[in-house]
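# Summary of structural features
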Amino acid sequence: MARQQPSPWVHTAFLFCLLSLSGAIEIPMDLSQPPTITKQSVKDHIVDPRDNILIECEAKGNPAPSFHWTRNSRFFNIAKDPRVSMRRRSGTLVIDFRSGGRPEEYEGEYQCFARNKFGTALSNRIRLQVSKSPLWPKENLDPVVVQEGAPLTLQCNPPPGLPSPVIFWMSSSMEPITQDKRVSQGHNGDLYFSNVMLQDMQTDYSCNARFHFTHTIQQKNPFNLKVLTNHPYNDSSLRNHPDMYSARGVAERTPSFMYPQGTASSQMVLRGMDLLLECIASGVPTPDIAWYKKGGDLPSDKAKFENFNKALRITNVSEEDSGEYFCLASNKMGSIRHTISVRVKAAPYWLDEPKNLILAPGEDGRLVCRANGNPKPTVQWMVNGEPLQSAPPNPNREVAGDTIIFRDTQISSRAVYQCNTSNEHGYLLANAFVSVLDVPPRMLSPRNQLIRVILYNRTRLDCPFFGSPIPTLRWFKNGQGSNLDGGNYHVYENGSLEIKMIRKEDQGIYTCVATNILGKAENQVRLEVKDPTRIYRMPEDQVAKRGTTVQLECRVKHDPSLKLTVSWLKDDEPLYIGNRMKKEEDSLTIFGVAERDQGSYMCVASTELDQDLAKAYLTVLGRPERPRDLELTDLAERSVRLTWIPGDDNNSPITDYVVQFEEDQFQPGVWHDHSKFPGSVNSAVLQLSPYVNYQFRVIAINEVGSSHPSLPSERYRTSGAPPESNPSDVKGEGTRKNNMEITWTPMNATSAFGPNLRYIVKWRRRETRETWNNVTVWGSRYVVGQTPVYVPYEIRVQAENDFGKGPEPGTVIGYSGEDLPSAPRRFRVRQPNLETINLEWDHPEHPNGILTGYTLKYVAFNGTKVGKQIVENFSPNQTKFTMQRADPVSRYRFSLSARTQVGSGEAVTEESPAPPNEAYTNNQADIATQGWFIGLMCAVALLVLILLIVCFIKRSRGGKYPVREKKDVPLGPEDPKEEDGSFDYSDEDNKPLQGSQTSLDGTIKQQESDDSLVDYGEGGEGQFNEDGSFIGQYTVKKDKEETEGNESSEATSPVNAIYSLA
């Protein structure tokens, strides 16, 4: 976060303003005045031959001046040349070649003369030249033969162009020549090789010249190099060798200078120009260049190094830059020095340029023309374009070297004077007129202007005026009589009032009054003071990850009477607000930040009077740029050094590099991770496998993510060898009951070690000591057929390629296919009590594979009634099971089988033992289905019905016939069964079975009954005869409480009656 200082143009504008305040007063154009040159072409005017020629000359004066030209110091008659014309109300020459003609015919030195009745003004002498881009002379260049390590200079010698062409070197296929401290282009355009290497033969070298005006490029015939060497192979592994030259058999040499030659030279430069010093040296190894100045330091603010330190440039040279400079070329074999004596000369430059002189009749004045240069320039005065010596004498004028003094001037003294100062390096020409006027004061600006200014700023109130003699000017505020000058106020020569720091009390009306002997004039300016615009909450520097949202605040306070505009700049350019950005009144929001959003953001809060700036820098953390320029060096049989240049980390330091490889034999186009290195490394030795055609690439990683992979390196193939390992994950498993499939994980490209990788597969029955079976396989599986069921085998798989076999493999145990197991042995069902049943069994005699478990199926049955089948699954190690009976009556039928992965085998079946009362249960079930028993039950029902009818009749006659049991039991009115002498009876022979429920764990639970034979028993449980028949009696339950109003008489129980009949 930073409050930005005002833009440089603000200071520049103020400086310009101050300069103009101290300058000469301008004569209003409605008054008579001599000519003044306002616009002209440059002294060295180079034109394009394809265009019309334009030589500019503009001037002002009253009356308007007329123009004429000289060419090569002789009058140039425009009327005689139909191609030449002069623009209307201007002195600008136009030379038209549309109808033909050669521009070169018009080359020369031109000068413009602007004249009216008060004098003549002159332009500079303009040297007109036509741009030239001559063709390169045709030449046949023989191949350049050079010994490796020797220096070489390829000369360009471009054709002389105007202006000089730009020189650059390329190959004939327009590829730029790579330059470094060994190979570089000199300022003269030649290409210098400090030492030639074999790889320099890989291209040709052509010098190109680009001409500015014609925008054409001319190419010289290319040079071809033939390098003689002791090491004919261009082995890339030697390029970064620590002693590359020795490795290639190149003799090392001390440095020597190729340019400039010798140990000393001199150079002259003009003041204000750039000084370029150059030293190019040969040597093996390539020398380093360093620069020094004798007796002092290099001017750090103006000096910079170019062309790999081979050139020193000092800008805007001044006299103190003269002296001796020397360059030092050094390598490990030694060093040499070259001294350059620099002399600074100077074309003329102004110390005091003559200015227009405005005088009243009888006044005195002077014109001063002072200049300096090296050598010292001479001064020549002219009047109206003629040498002052040949002008008519003027008793009021005196020439004193570089000054002309005027005394008691009169109207006849009006003229334009020229000062020409020159030396061998150039000239300066200045026009200054002398005008004699008698004019009362006058104001030149609009009246009653409103000036609005910002509090605490410096401001200026203008009051342009004119008069001759020059009037005096005074300022007053709000009609007060005291003159404003001094302290916070300053009045300039041209009448402007400067207020150094505006305060609130400075607001008001200011009056300026100009006075001379001929009268006075005044004007008023109203000053309003406004509050400054201030950003009170500035944007802050931020660091954001790519894809996040960033908000930059900019809250502003300003004068409410001024219109506020808030805008944003990015990197000092107007910010385009796209779809990802949202500009609000006091903030800027960037959604989905990307790398291109990084930069400085400036909030500009401005009104029509002032502005405030605040800047913040947004740093975007992005994924790193891809590494580049991969190079393989130190090539060995089982290793290589990979070097790369890191890409930009995008503000998040690189933490790791991942090196990947690809081979073109087993999986072409598929990249695999090879190794990982810290982010501080950019060169690593990679261990390689035999017989792999490697290609590498590098990925950079930082906290934000991974870069795109680098471009691949060149390929490198290692030599072959026998395998050093065997395939992994060897297995033998049956897919059918009579086979065994042998599988393994095939070896990849980095473990094959040679061509034609194959596998020797061996197997034999375990513990039989039979001979090994073997077969050679090219894939990753082999099926052995006609095997016994689930038999163990010893298995071995060995790798082999054309270079030999791998190491002796280990033995793996596999099994042939499985089958269904035999039935479990000794299946036993025991019933220790009426509540539980215990099951036990032994493993099958023939499992025929790996047992996966047991399946138990059982069902409850009671006579002809059969319950729901229950299924239980057990682990292969379980051989016991205890179940809870659902009731004490039902029996259970069990079926048990063993399982392998093929399925369930043969089942063994057993039933649970019969309980002690099972005979009765069976008999009861049988009687209930007999016809005679059904008939008997119908007769009993009929008899009960008759008895109920008789009771009903007697009760209707007033008699009471209670039904009684053998024991006296009074009948209550609450019991409807006993009220009418009836009761409900249900005897379902399958009650225990149907009332059972299956629990979640597969056992059967007996359902509770609302009605049982025990409830109807009189004194306890029912009794059975020896044959199992029922000998108990049903009796009606007694109420413990007697009901009032019951009869004392009782009848025999219907139940007793029924069973007595039976």
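Residues numbered from 1 in each chain as written. Predicted model: local features only at pLDDT ≥ 70, side-chain atom pairs only at ≥ 80, totals over all residues. Heavy atoms only, no water.

When helices and strands are counted, the protein shows 9 helices and 82 strands. For the protein, the share of sequence-separated contacts (at least 6 apart) that also reach a separation of at least 24 residues comes to 65%. Counting every atom, the protein has about 57000 Å² of accessible surface; 49% of that belongs to carbon and sulfur. (Helix = DSSP H or I, 4+ residues; strand = E, 2+ residues; numbered from the N terminus. Contact = heavy atoms within 4.5 Å. Areas by Shrake-Rupley, 256 points an atom, 1.4 Å probe, with all protein chains shown as cover.)

This structure, assessed with the given rule, holds 51 salt bridges. Glu553 is paired through a salt bridge with Arg555; the nearest N and O atoms lie 3.4 Å apart. In this structure Glu553 comes out as partly exposed when scored by relative accessible area, which is 26%. When salt bridges that share partners are traced, they join Arg826, Arg828, Arg830, Glu840 and Asp842 into one network. (Salt bridge = Lys/Arg side-chain N within 4 Å of Asp/Glu carboxyl O. Buried < 20%, exposed > 50% of the residue type's maximum accessible area, 1.4 Å probe, protein only.)

On to the state of the cysteines. Scanning all chains against the criterion turns up 6 disulfides. There is a disulfide in this structure between Cys369 and Cys419, and the S-S distance comes to 1.7 Å. Of note, the bridge from Cys369 to Cys419 carries an S-S torsion of about -70° and is left-handed in sense. On the criterion of sequence distance, the pair formed by Cys369 in the loop between strand 31 (365-368) and strand 32 (370-374) and Cys419 in strand 37 (residues 415-423) is long-range, its members being 50 residues apart. Overall, the relative accessible area of 0% leaves Cys419 in the buried class. Between Cys463 and Cys512 runs a disulfide, and the two sulfur atoms are separated by 1.9 Å. Judged by the sign of its S-S torsion, about 70°, the cystine formed by Cys463 and Cys512 is right-handed. One end of the pair, Cys463, is in the loop between strand 41 (459-461) and strand 42 (465-468); the other, Cys512, is in strand 46 (residues 508-516), with 49 residues separating them in the sequence. The exposure class of Cys463 is buried, given its relative accessible area of 1%. (Disulfide = S-S within 2.5 Å.)

Attention shifts here to unusual backbone geometry. For the bond running from Asn62 to Pro63, omega is 5°, close enough to zero to count as cis. In the segment running from Ser468 into Pro469, the intervening peptide bond is cis, with an omega of 5°. Secondary-structure assignment places Pro469 in the loop between strand 42 and strand 43 (472-477). Of note, Asn307 is a non-glycine position whose phi angle comes to about 55°, a positive value. Along the chain, Asn307 turns up in the loop between strand 26 (303-306) and strand 27 (311-314).

On to the sheet that holds strand 46, then. Sheet architecture is open: 4 strands sit in the order 40-47-46-43, paired in mixed fashion. Of all strands in the sheet, those with a lone pairing partner are strand 40 (449-454) and strand 43, marking the two edges. The average undirected angle you get between the axes of adjacent strands in this sheet is 25°. Alignment of strand 43 against strand 46, held across 6 bridges, turns out to be antiparallel. If you follow Arg474 over to strand 46, its bridge partner there is Val513. (Pairing = 2+ DSSP bridges. Axes fitted to C-alpha atoms, helices over the stretch in contact; angles between N-to-C directions.)

With that settled, the discussion passes to the sheet that holds strand 54 (residues 581-583). Sheet architecture is open: 3 strands sit in the order 50-55-54, paired in antiparallel fashion. Two strands in the sheet have a free side with no partner beyond their single neighbour: strand 50 (550-553) and strand 54. Going across the sheet, the axis of each strand differs from the next one's by a mean of 10°, ignoring polarity. Note: strand 50 against strand 55 (residues 587-590), 4 bridges, orientation antiparallel. What sits directly across from Gln551, in strand 55, is Thr589.

Counting through the fold element by element, Glu306 comes out in strand 26. Judged by relative accessible area, which is 25%, Glu306 ranks as partly exposed. When the C-alpha positions of Glu306 and Glu278 are compared, they lie 9.2 Å apart, and in sequence the two are 28 residues distant. Residues within four places of Glu306 in sequence aside, it is in contact with Leu276, Ala311 and Arg313.

Scored by pLDDT, the protein has a mean of 85; 85% of the residues are at 70 or more. A low-confidence stretch, residues 6-23 stays under pLDDT 50, and its non-local contacts, those more than four residues away or across chains, total 15 contacts. Residue range residues 234-242 is modelled with pLDDT below 50. Its contacts to residues more than four positions away, or to other chains, number 24 contacts. (pLDDT = per-residue confidence, 0-100.)

Let us look at the side chain of Asn331. Residue placement: Asn331 occurs in strand 28 (residues 323-331). From its side chain, Asn331 meets the backbone oxygen of Val284 in a polar contact 3.4 Å long. In this view, Asn331 contacts Arg253, Thr254, Pro255, Gly283, Val284, Pro285, Thr286 and Pro287; residues no more than four positions away in its chain are not counted. (Polar contact = N/O pair within 3.5 Å; in protein donor to acceptor, adjacent residues only side chain to side chain.)

Let us look at the side chain of Lys220. Positionally, Lys220 belongs in the loop between strand 19 (216-219) and strand 20 (225-228). Judged by its relative accessible area of 6%, Lys220 falls in the buried class. Here the side chain of Lys220 touches Cys156 through a polar contact of 2.9 Å, landing on its backbone oxygen. For Lys220, the residues in contact, after removing those within four places along its chain, are Trp136, Glu139, Gln155, Cys156, Ser206 and Cys207.

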